[in-house]
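Report on the structure
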Amino acid sequence: AQTVTQSQPEMSVQEAETVTLSCTYDTSESDYYLFWYKQPPSRQMILVIRQEAYKQQNATENRFSVNFQKAAKSFSLKISDSQLGDAAMYFCAYEGSNTGNQFYFGTGTSLTVIP
Amino acid sequence: GAVVSQHPSRVICKSGTSVKIECRSLDFQATTMFWYRQFPKQSLMLMATSNEGSKATYEQGVEKDKFLINHASLTLSTLTVTSAHPEDSSFYICSALKGGVENEQYFGPGTRLTVT
């Protein structure tokens, strides 16, 4: 199975500041998808952003953007202008093109936003 | 949008009994659904892939006779935890794959199972 690694169990950021969450993965596939999901205390998984591996352009969704380095197998999430509502667990996920749409999740990063 | 529901949201059962958890795609059809298990402060671990009209595919280490999965319709998959024990207490999350151009997974809100 593919491996997804999040090396930061916990991160904190001042409100309105920028924070970057790290994610690396291991795969032999050339075509795949990468995701960042947010899980607030309600435990509902919320899609933050999605990146197709064949696209060189980094995905962006409002205050959320990624730095996708395919050769390095790195997929970091940048949150700009952090808000209190951004506090949550963030999971990086991999979906391969040959693995039946199965998701492989990283261990998660707990983000605290300091007012 | 696409909505996936789970029922119940919380359930407490006694050791040795069975409990069924439902996962429904409310506004789309899903030929494939996934069941995950999440322990406190841990990640989601894929348990099995549920395919409509066929047998589920279980991940290594998941007992298929203990975690029965039935995907009888395009909008419903069920997970039955049989002969539950306290170590089965966990948070169970399902997701449904919306195919076609979108080809995106949508997650249910989860079910907290406590076995006493």
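Look up: the structure comes first, before these words.
Residues numbered from 1 in each chain as written. Chains lettered and ligands numbered in written order. Predicted model: local features only at pLDDT ≥ 70, side-chain atom pairs only at ≥ 80, totals over all residues. Heavy atoms only, no water.

Focus on the overall build of chain B
- A tally of helices and strands in chain B yields 0 helices and 11 strands.
- Here the C-alpha atoms of chain B give a radius of gyration of 13 Å, agreeing with the 13 Å that 2.2 N^0.38 yields for 116 residues.
- The 116 residues of chain B split such that 49% are buried.
- A total of about 5700 Å² of accessible surface is found on chain B, and carbon and sulfur atoms cover 52% of it. (Helix = DSSP H or I, 4+ residues; strand = E, 2+ residues; numbered from the N terminus. Rg over C-alpha atoms; globule rule 2.2 N^0.38 Å. Buried < 20%, exposed > 50% of the residue type's maximum accessible area, 1.4 Å probe, protein only. Areas by Shrake-Rupley, 256 points an atom, 1.4 Å probe, with all protein chains shown as cover.)

Observations concerning the packing of aromatic side chains
- Enumeration over the complete set of coordinates arrives at 18 aromatic pairs over all chains.
- Between Phe 67 of chain B and Tyr 92 of chain B the ring centres are 6.4 Å apart and the planes differ by 45 degrees, which places this aromatic pair in the tilted class. Residue Phe 67 of chain B is found in strand E7 (residues 67-73), and its partner Tyr 92 of chain B is found in strand E9 (residues 90-98); the two are separated by 25 residues along the sequence.
- Taking relative accessible area as the criterion, Tyr 92 of chain B reaches 0% and is therefore assigned buried.
- Among the aromatic residues, those joined into a ring-pair cluster are Phe 35, Tyr 37, Phe 91, Phe 103 and Phe 105 of chain A together with Tyr 36 and Phe 107 of chain B.
- Its guanidinium or amino end placed over the ring of Phe 91 of chain B, Arg 43 of chain A lies 4.1 Å from that ring's centre, counting from NZ or CZ. (Phe/Tyr/Trp six-rings, centres within 6.5 Å; stacked < 30°, edge-to-face > 60°. Lys NZ or Arg CZ within 6 Å of the ring centre and 35° of its normal.)

Brief notes about the interface of chain A and chain B
- On the chain B side, the residues contacting the 16 residues of chain A number 20 residues.
- Contact between chain A and chain B buries roughly 1600 Å² in total, counting both sides, with carbon and sulfur atoms accounting for 47%.
- Among the residues chain A hides against chain B, the three largest losses belong to Arg 43, Asn 101 and Gln 102 of chain A. Together they make up 34% of the total.
- Linking chain A with chain B are 1 salt bridge, by the criterion used here.
- Across the salt bridge formed by Glu 104 of chain B and Arg 50 of chain A, the nearest N and O atoms sit 3.8 Å from each other.
- On the surface where chain A and chain B come into contact, there are 7 residue pairs in polar contact (both at pLDDT 80 or more). (Contact = heavy atoms within 4.5 Å. Buried area = accessible area lost by both parts, 1.4 Å probe. Salt bridge = Lys/Arg side-chain N within 4 Å of Asp/Glu carboxyl O. Polar contact = N/O pair within 3.5 Å; in protein donor to acceptor, adjacent residues only side chain to side chain.)

Quick look at the pairing of strand E12 (residues 109-114) of chain A
Residues and elements named next belong to chain A.
- Only one face of E12 is covered, namely the one carrying Thr 109, Leu 111 and Val 113; the face carrying Ser 110, Thr 112 and Ile 114 has none of its residues buried.
- Strand direction decides the pairing type here: strand E2 (residues 10-14) and E12, joined by 5 bridges, are parallel. Opposite Val 13, over in E12, you have Val 113 as the bridge partner.
- Strand direction decides the pairing type here: strand E10 (residues 88-96) and E12, joined by 3 bridges, are antiparallel. (Pairing = 2+ DSSP bridges.)

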